[in-house]
Every structure is written in C-alpha cells, then in structure tokens.
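Survey of secondary and tertiary structure
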Amino acid sequence: MDADNLQLAASLVSASYISQGGAALAARRRLVKGLLSNRRLPQEGWDEATIEMLLQGLLSNRRLPQEGWDEATIEVLLQDAALMDSNTFPSQLGLGERKGIGSAATSGATCCSQAALSPCMPVSTLQDAALMDSNTFPGQDAALMDSNTFPGQVGLGEREGRVACPLVARMHCRLSHGIGRSGDIAAEQPKAAGSSMLAKLAAHLAGDALRIAGLADMALPLLLPSATGMALTLVLLAAAGAPAAARAGLIVDKQPAVKGEGSKEPRAAATAASEASQLAAAAGGCSGAPTVLPRYVVWSRIDQKTCLKAITAANLVPIVVELLQQGDHLVTDVAGMQQAVERLGPANVAAVVTTTSCFAPRASDDVVAVAKLCSKLGVPHIINNAYGVQAASLTAAVTAACRRGRVDAIVQSTDKNFMVPVGGSVVAAPAGKGRDWLVQAVAKGYPGRASMTAHLDLLVTLLHWGAVGWARVLQQREDLYGYLSEQLAQAAAQLGERVLSTPGNPISLGMTLDGLAAAAAAANAAADEAAAAAAAGAGSSSEAAAGAAAGGGGSSKKHVDVTFFGAMLWARNVSGTRVLTCGKQQDVAGITFADYGCHISGYPHPYMTAAAALGTTKADVDVFVVRLLRAYKELQEKWRRAAGQQTT
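Each chain has its residues counted from 1, following the order in which its sequence is written. Owing to the predicted nature of the model, reporting of local features is limited to residues with pLDDT of at least 70; listing and counting of side-chain atom pairs is limited to 80 or more, with chain, interface and lining totals taken over all residues. Values reported for side chains reflect all heavy atoms of the structure, with hydrogen atoms and water molecules removed beforehand.

Secondary structure elements follow DSSP: runs of H or I of four or more residues count as helices, runs of E of two or more count as strands, with numbering from the N terminus. Mapped onto the fold, G597 is located in the loop between β13 (591-594) and β14 (607-611). Residue contacts for G597: discarding those within four places in its chain leaves D303, R578, L580 and Y607. Two residues qualify as a contact provided that any one of their heavy atoms is within 4.5 Å of a heavy atom in the partner residue.

Okay, structure coming up:
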C-alpha cells in the first residue's frame with residue numbers, strides 16, 4: 001500500500017492503527033530499499049513476509065469493482081493488509097495470551113495447504129502461516145513488473161509468459177517470462193523487468209555469499225539454470241571456441257586493480273588497443289576466432305562420472321592424469337599435468353580441469369600449483385568447485401590460486417552449497433580487467449532464454465539466512481567435520497578398522513573395511529570348497545572337481561562382495577555413503593578405468609566414505625554411527641558363519 005491507499009484505509013479503520021501498520025510496511029520497504037542499493041546480504045535473515053514483499057480503487061468506492069480482479073491484484077491487497085497486523089511487525093514481541101499465532105491444528109493445516117500450493121515459498125512457522133490464506137499465494141511486486149501481468153496487456157507473440165495452470169503460476173511466483181535474451185543469458189529481458197531485476201540481485205547476493213565463504217576478490221558471478229555438470233560443459237565449450245589470444249591468457253591482469261587507484265599491474269598484451277579487441281572477441285565476437293579449435297582437456301582423475309561426461313559432452317577429448325598416492329590420500333600429479341600439456345601442445349589444449357571437493361581418499365587438487373603451471377604454459381584453468389564453497393580451506397586455496405596463478409572459471413553447485421533444489425550453478429572468476437573473460441563468454445554463448453527458478457531459489461534462501469545466518473551455517477559445517485571424524489574413529493576402533501588419513505579433504509572421510517573383506521574372502525573360499533566337494537561326490541569328472549576347487553565356476557552360489565555393505569546401509573535408510581573395493585574395471589565415456597570409484601588403480605584397502613556436508617547435523621551423525629556398527633557386525637557375523645568360523 002502506498003501513501004494514498006493508507007490514507008483511504010484510514011477512513012475505514014482508526015487512523016492511529018493505520019499509521020502504525022503503515023510504519024511497519026515502511027520498515028520492510030526500507031529493508032528492500034537497502035538491499036537494492038547495497039547489493040549485499042543483510043546482516044540478519046529476513047522473515048518470509050519481507051521476502052515476499054520483495055518478490056510483490058476498492059478503498060475509495062467501497063463497492064464491488066465492475067470487473068473481477070485477477071489473482072495478483074487481490075493478493076497485493078491481502079498481503080499488504082496482513083503486514084499491517086501487529087503479529088507481522090518486524091521485531092514484534094508479543095507477551096499476551098493471544099498473539100495472532102493461532103492453534104497448532106489450524107495453523108498447521110494452513111502451513112500444509114500453503115506448502116502444497118506454493119512449494120517455492122514454504123511456510124516454516126505458525127506465525128508466518130497466519131500471513132497466508134490456503135487458497136492464495138502472496139503476490140510479488142517483481143512479478144507484477146513482468147509484461148504478462150500488466151493490466152490490459154495483449155500479447156501476440158509465441159512467448160508471452162502464458163501459464164495454463166494456476167497452481168504452476170503460483171509455484172513459480174508468476175515469474176514465467178524467464179531471464180536473458182537469445183544473445184546473452186545475463187542481459188535484461190524487455191518483457192520481464194521484474195525477473196531481470198531479481199536475477200541481477202541474485203547474482204550480487206551470490207557474489208557476497210562467496211565472499212563471506214572465503215572466495216575473495218571475485219568478479220560478479222554468473223548464475224546458470226543448470227547443475228554443475230552441464231555448467232562445466234558450457235564453460236568448456238566457451239573455452240574451446242574462444243580466440244587463441246584469450247586461451248593463451250594475453251588479455252588478462254594477473255591481479256585485480258586496487259579500488260580508487262590506476263591499475264599498475266603488468267599485462268601480457270602489447271597495447272591497450274589490442275587488449276580491448278581481444279577482450280571483445282573473447283566475450284563472443286567473431287574476430288580472432290581460431291581456424292582449428294583445440295580438442296583436448298587435461299584432467300586430474302576423479303572417479304565421478306559427471307566430471308568426465310562434462311568434457312565429452314562438449315565434444316572434447318579428456319586426457320586423464322592419474323593421481324599419486326601419499327600415505328592414505330591421493331594427491332595431484334602436477335608434473336604429470338605439465339607433461340601432458342607440453343606433449344599435446346598448449347594451443348591444442350582447451351583447458352586444464354582441476355577439482356576441489358571430492359570423495360575421500362582423494363584430496364583436493366593442488367589448485368595453486370596448477371594455476372601457476374597454467375599461467376606459465378598459457379592454457380585456461382577451470383576449477384570444479386562443486387561443493388567446495390562450504391569448506392574454508394578449499395575457498396582459501398582457490399583464492400590463493402587466483403592471486404598467484406591463472407584461474408579462468410570456478411564452477412560450483414547451488415544445491416550442494418546453499419541447500420536449494422537441484423538445478424543451478426554459480427560460475428565465478430577473479431576480479432580484474434578481463435579476468436572474467438570466460439564467464440562473459442559463457443553468458444554470451446548461452447542459447448536462448450532461461451528459467452529463473454534457480455535464481456529465485458538462491459535469492460530467497462540467501463535472504464532467509466542473511467550474512468550472519470550464512471556464516472553460522474558455514475561454521476556449523478566446519479564443526480561437524482570434526483565431530484564426524486571423532487565419532488567415525490571411535491566406531492572404527494570398535495570394529496578393528498581405522499579412519500583413513502586424508503588431511504587434504506576437509507569434507508569427506510574414509511574408513512577401512514579390511515575386516516569385512518577378510519570375512520567375505522573366507523566365506524567365498526568355504527563356498528568354493530563346498531561346491532568342489534559336492535561336485536566330486538556327485539561323480540563329476542576330475543577336471544570339473546579341480547575347476548570347482550580353484551573357484552572356476554563350480555560354486556552354485558555367487559561370491560559375496562564388500563560392496564554389499566553399502567546396500568545394507570541404504571536399506572537401513574543411510575544415504576550418501578559409498579563402499580569401494582578394487583578388482584573391477586568400468587568404461588566411462590569411452591575410457592576404461594581400473595578400480596573405478598577409488599580414484600586410482602590398486603588402492604590397498606576396501607573402504608567406505610561419509611561426508612560432513614552442509615546441512616548435516618550431529619543427530620544425523622549419531623544415528624549413522626549406530627546403524628553403521630549394527631550393519632557391519634551383522635554382515636561380518638553372517639559371513640563368518642558361512643565360512644564355518646567361530647563367532648562371538
């Protein structure tokens with residue numbers, strides 16, 4: 001409600017009450033104004049009503065309008081009215097027996113109804129539920145700035161933001177036009193001023209969230225409506241299609257310029273004019289395009305299919321550089337990566353791809369050393385930082401890599417780092433003239449318009465946390481890693497196992513499964529012996545009996561395998577763990593890997609992994625440990641009995 005509408009409302013309700021309610025509305029509008037001007041996360045998280053305000057003639061006539069109102073107009077009236085009730089005032093403290101909360105039964109029903117109708121903005125508290133009617137969803141000012149919601153709008157194009165189902169419209173907060181234009185996903189969409197505003201705001205808040213997490217001195221990031229794998233593919237396509245000068249690093253500063261001072265950092269470009277022309281070409285122009293595109297991506301092995309498929313989906317050839325084993329953990333073979341680039345020729349390498357967040361016992365790649373190498377050799381460096389934003393040591397390493405060497409793009413998942421639904425990613429690059437050339441090329445190379453669902457999910461979530469809440473969530477995850485490590489070590493000691501020493505991995509932990517492997521081997525040996533004896537007793541030929549005794553197929557039972565332990569945990573409602581053992585090979589994207597899943601051939605232990613990821617709680621860890629111990633002991637006892645061993 002604006003000032004005129006508040007004045008009209010005062011003719012219906014006491015002016016003092018309207019004045020108080022108007023002050024509450026103004027307080028929320030000041031928060032919105034501050035957000036739009038500062039473009040940083042608010043220190044304290046917003047309540048849902050304020051978030052909804054960002055996203056949103058009856059009083060004078062006091063009669064039914066001649067024509068029925070559309071839902072958006074009705075919701076504007078209802079939402080503003082709800083925000084004038086004292087139970088929705090910012091920082092309101094109610095100490096009476098009736099505070100506008102409602103009974104658990106009625107408020108809970110409203111919560112459930114609203115959640116079902118409007119999953120994009122769930123109701124999390126009983127007080128918030130009172131803001132909403134189960135049959136409507138609060139409108140947003142931003143949505144009403146898109147042309148498909150304009151009063152009297154007539155759309156004759158093939159894409160006019162039309163949505164047939166009201167439920168779908170509410171699910172997407174009526175932001176149906178999408179973002180970007182056919183020439184640039186980050187460009188403003190003329191038909192969708194509100195959506196474009198929210199998308200830009202989401203990018204600024206994402207950049208602020210990265211800064212708080214430890215990724216310092218970054219340019220404005222690019223949000224993509226695709227998960228990490230497809231985002232990596234888009235980045236690789238842009239890198240492979242870029243002018244040779246851009247890939248060689250001839251157009252970027254080594255360090256970002258200091259604010260308020262002239263840039264004094266050295267550049268490799270000969271003149272400012274050539275630098276400007278190369279930068280324009282790298283950002284999507286045609287001049288300077290190479291006649292022969294590079295075909296290869298030098299890739300530090302990580303046994304996760306998405307990473308490899310991202311390369312082959314870009315029609316590029318992965319050159320796998322195996323890891324080195326140091327104690328329990330697996331580290332980057334920097335010398336091997338240098339040899340691969342030099343053997344292929346830097347001009348034929350589209351990019352070098354490293355990975356930070358990964359499953360133990362693999363450590364994060366040495367991104368600093370690789371960044372220095374890429375700067376020296378003149379090849380793009382792309383960091384797959386899928387869920388590395390949540391780990392302070394990983395963000396510190398990436399920041400150091402950007403400052404001390406070459407990093408062209410850093411790709412991270414929105415769902416893994418910010419607890420939103422799957423389907424978005426954040427592509428970042430260091431600040432400094434031309435250093436975000438690859439991010440700009442991705443934006444300009446994106447084909448067509450895009451959904452803004454991922455942007456909206458991230459925007460709302462970051463506003464829900466605020467800067468303080470986001471920092472608290474990050475710290476809770478850091479603390480949880482220590483707790484999981486302690487509890488897993490205690491469980492391992494009870495089982496005669498141990499936690500793998502992987503200091504280079506701050507998220508994932510591994511535990512040996514040597515005892516289970518021994519029990520499985522004994523059970524398999526006993527089964528083979530029994531099968532051989534049965535074959536010999538049944539009058540089989542000596543050859544068949546000998547073959548059975550050697551395990552050559554005489555057993556009627558399939559050999560048991562340590563990986564069955566993972567299935568047991570899954571059946572006991574434990575997800576996210578992995579159980580790995582050597583001895584198998586697998587083809588992925590046309591490449592045959594020995595012992596796939598272990599990140600290396602011939603790892604000396606079968607093992608399982610568990611992650612201290614964002615959102616996991618100590619209660620989750622406690623329940624996990626109980627189920628882990630029970631499942632391990634049950635399976636070990638079963639296999640020992642099958643082997644005829646004495647059990648305790």
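Following the structure, the description resumes.
Moving on, we get to the environment of L316. Checked against the element boundaries, L316 lands in the loop between α13 (305-313) and β3 (317-321). Relative accessibility under 20% of the residue-type maximum defines a buried residue, over 50% an exposed one, and the middle range a partly exposed one, all with a 1.4 Å probe and only protein chains included. Given the relative accessible area of 7%, L316 is considered buried. When the C-alpha positions of L316 and P294 are compared, they lie 8.2 Å apart, and in sequence the two are 22 residues distant. Those residues within four positions of L316 in sequence are excluded, and the remaining contacts are L236, A240, P294, R295, V297, I311 and A350.

Before going further, it helps to examine the pairing of strand β2 (residues 296-300). Looking along a regular strand, one sees side chains alternate from face to face of the sheet. In terms of burial, β2 is a largely internal element, four of the five residues being buried. Should DSSP find at least two bridges between two strands, the strands are taken to pair. Bridging between β2 and β3 involves five bridges; their strand directions are parallel. Opposite V298, over in β3, you have I319 as the bridge partner. When the strands point away from the viewer and the path from the first strand over the helix to the second turns clockwise, the crossover is right-handed. For the crossover that starts at β2, traverses α13 and ends in the parallel β3, the hand is right-handed. Pairing geometry for β2 and strand β6 (residues 349-355), over four bridges, is parallel.

Turning our attention to the packing of aromatic side chains. Note on aromatic pairs: the rings of Phe, Tyr and Trp (six-membered ring only in Trp) are paired at centre separations within 6.5 Å, and the planes decide the class, stacked below 30 degrees, edge-to-face beyond 60, tilted for the rest. What the rule picks out here adds up to five aromatic pairs. What links up through ring pairs into an aromatic cluster is the set F418, W465 and W470. Residue placement shows K618 over the ring face of Y483; its charged tip is 5.1 Å from the ring centre. Any Lys NZ or Arg CZ found within 6 Å of a ring centre and within 35 degrees of that ring's normal is scored as a charge over the ring.

On to the confidence of the model for the protein. The quantity known as pLDDT measures the predictor's confidence residue by residue, on a range of 0 to 100. Across the protein, the average pLDDT comes to 79, with 72% of residues at or above 70. Long-range and interchain partners of residues 253-290, a stretch whose pLDDT sits below 50, account for 56 contacts in this model, where long-range means more than four residues apart. Within the model, pLDDT remains below 50 along residues 544-556, and this stretch shows 15 contacts once partners closer than five positions in the same chain are excluded.

To continue, consider helix α9 (residues 193-213). Between its first and last C-alpha, α9 extends 30 Å over 21 residues, near the 30 Å set by a 1.5 Å rise per residue. At the exit of α9 stands G214, carrying a positive phi of roughly 120°. In a helix, the anticipated span is given by 1.5 Å times the number of residues less one.

Take the nonpolar core next. By size, the foremost hydrophobic cluster in this structure holds 89 residues, and its most contacted members are L224, L236, F418 and W470. The residues that make up this core include at least three from each of domain 1 (193-249 + 294-460) and domain 2 (479-529 + 560-643). With sequence-adjacent residues up to four places away left out, F418 is seen in contact with A209, L210, V389, S413, V426, L458, T461, L462, W465, W470 and L614. Think of a nonpolar core as a cluster: buried Ala, Val, Leu, Ile, Met, Phe, Trp, Tyr and Cys residues, connected wherever their side-chain atoms sit within 4.5 Å. For each domain, the first and last residues come from an automatic or database assignment.

Next up on the list: the pattern of salt bridges. Where side chains of opposite charge bring their charged atoms close, a pairing between them can arise. Only one rule defines a salt bridge in this text: a Lys or Arg side-chain nitrogen within 4 Å of an Asp or Glu carboxyl oxygen. Tallied over the full model, the rule gives 13 salt bridges. Between R403 and D217 there is a salt bridge, with the nearest N and O atoms lying 2.9 Å from each other. With R403 in helix α16 (residues 392-404) and D217 in the loop between α9 and β1 (222-224), this pair connects stretches of sequence that are 186 residues apart. D217 gets classed as partly exposed once you look at its relative accessible area, which sits at 40%. When the shortest N-O distance is used, the salt bridge between D303 and R301 registers 2.7 Å. The buried category is assigned to D303, whose relative accessible area is 2%. Salt bridges here are not isolated pairs; linked through shared partners, they connect R40, D208 and R211.

Geometrically, a packed helix pair is captured by the angle between its two axes and the distance between the axes. Inter-axis angles, ranging from 0 to 180 degrees, are taken between N-to-C directions of lines fitted to C-alpha atoms, where helices are fitted over the stretch in contact. Helix α15 (residues 367-377) packs onto helix α14 (residues 334-344) with a crossing angle of 20° between their chain directions and a minimal axis gap of 10 Å. Viewed along their axes, α14 and α15 adopt a mutual orientation that is roughly parallel. Viewed along their axes, α14 and α15 form a crossing whose handedness is right-handed. Across from V334, M337, Q338, V341 and E342 in α14, the residues of α15 making contact are A369, V370, L373, K376 and L377. Three classes are used: nonpolar for Ala, Val, Leu, Ile, Met, Phe, Trp, Tyr, Cys and Pro, charged for Asp, Glu, Lys and Arg, and polar for all others, with Gly counted as polar. In terms of residue class, the contact of α14 with α15 is built from seven nonpolar, one polar and two charged. By definition in this entry, angles of less than 35 degrees are roughly parallel, angles greater than 145 are roughly antiparallel, angles of 65 to 115 are roughly perpendicular, and the rest are oblique. By definition, turning the near helix anticlockwise from the far helix through less than a right angle yields a left-handed crossing, and turning it clockwise yields a right-handed one.

Taking 1.5 Å per residue as the helical rise, α16 with its 13 residues ought to reach 18 Å, and the 18 Å between its terminal C-alpha atoms agrees with that figure. Within α16, burial applies to L394, T395, V398, T399, A401 and C402. The arc that holds the buried residues of α16, viewed along the axis, is 155°, so those residues lie on one side. Residues of α16 that are buried in the fold lie against α9, α15, β7 (381-384) and β8 (409-413). Starting at the helix axis, one direction is taken to each C-beta atom, and the arc is that of these directions.

The next point concerns the environment of I507. By the element assignment, I507 lies in the loop between α19 (453-495) and β10 (508-512). Its relative accessible area of 1% is what places I507 among the buried residues. The spacing of I507 and F359 is 148 residues in sequence and 8.1 Å in space, taken between C-alpha atoms. Contact partners of I507, with chain neighbours within four places excluded, come to S357, Y387, Q390, A391, L394, R477, Y481, A610, A611 and A612.

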